[in-house]
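As a plain string of letters, each chain reads:
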Amino acid sequence: YNVLLLSGRPTPFCDIAAVLERRGLLLAFRQEECERSVFSAKLKFADPAADYEVIDADSGIVRRVKGSDLRAGLEVRLDRPRSSALLRIRRKDGE
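Let me begin by describing the structure that accompanies this report. The shown structure was predicted, so the numbers you read here are calculated from the model rather than taken from an experiment.

### What about the overall build of the protein?
Argument step 1. A tally of regular secondary structure across the protein gives 1 helix and 8 strands.
Argument step 2. When the helices and strands of the protein are listed from N to C terminus, the series reads β-β-β-β-β-β-α-β-β.
Argument step 3. Counting over 95 residues, the protein shows a buried share of 34%.
Argument step 4. Taking all contacts inside the protein whose residues are at least 6 apart in sequence as the whole, residues at least 24 apart take part in 56%.
Argument step 5. A total of about 6,000 Å² of accessible surface is found on the protein, and carbon and sulfur atoms cover 47% of it.

### A word on the pairing of strand 5 (residues 51–56)
Argument step 1. The sheet contact formed by strand 5 and strand 6 (residues 62–66) spans 5 bridges and is antiparallel. Among the inter-strand pairings, valine 54 is bridged to a residue of strand 6, identified as arginine 63.
Argument step 2. The turn linking strand 5 back onto strand 6 is made up of 5 residues, and glycine 60 within it adopts a positive phi angle of 80°.
Argument step 3. Pairing of strand 5 with strand 8 (residues 83–92) involves 6 bridges; the strand directions are antiparallel. Across the sheet, residue aspartate 56 finds its bridge partner in strand 8, namely leucine 87.

### A word on the side chain of serine 83
Argument step 1. With respect to the helices, strands and loops of the structure, serine 83 is situated in strand 8.
Argument step 2. A polar contact is formed between the side chain of serine 83 and the backbone oxygen of arginine 80, at a distance of 2.4 Å.
Argument step 3. Leaving out residues up to four positions away in the same chain, serine 83 has contacts with Ala28, Phe29, Arg30 and Leu78.

Calculation notes
- Residues numbered from 1 in each chain as written.
- Predicted model: local features only at pLDDT ≥ 70, side-chain atom pairs only at ≥ 80, totals over all residues.
- Heavy atoms only, no water.
- Helix = DSSP H or I, 4+ residues; strand = E, 2+ residues; numbered from the N terminus.
- Buried < 20%, exposed > 50% of the residue type's maximum accessible area, 1.4 Å probe, protein only.
- Contact = heavy atoms within 4.5 Å.
- Areas by Shrake-Rupley, 256 points an atom, 1.4 Å probe, with all protein chains shown as cover.
- Pairing = 2+ DSSP bridges.
- Polar contact = N/O pair within 3.5 Å; in protein donor to acceptor, adjacent residues only side chain to side chain.

Note that all results are geometric; they support no functional claim without further evidence.
In structure tokens:
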């Protein structure tokens, strides 16, 4: 995996993305002192013309998202401090 800190530096609302060809992971975590509950992760590796599935590892909810929307920013909501989210991202071709 190629591992990226998307925000460029550690912040109270941190993110880490791991990308392997057509699949990736996004781990976001909200630290105790973070007042924000929503973070926008700009996934620059996404092909703007492709479709992707974003799967929430906790709930199993699957969203279909355009690559252009992932590049603009995937919204991650963490309502409680000291919480995290793991999202699996998979490119969908020819479907």
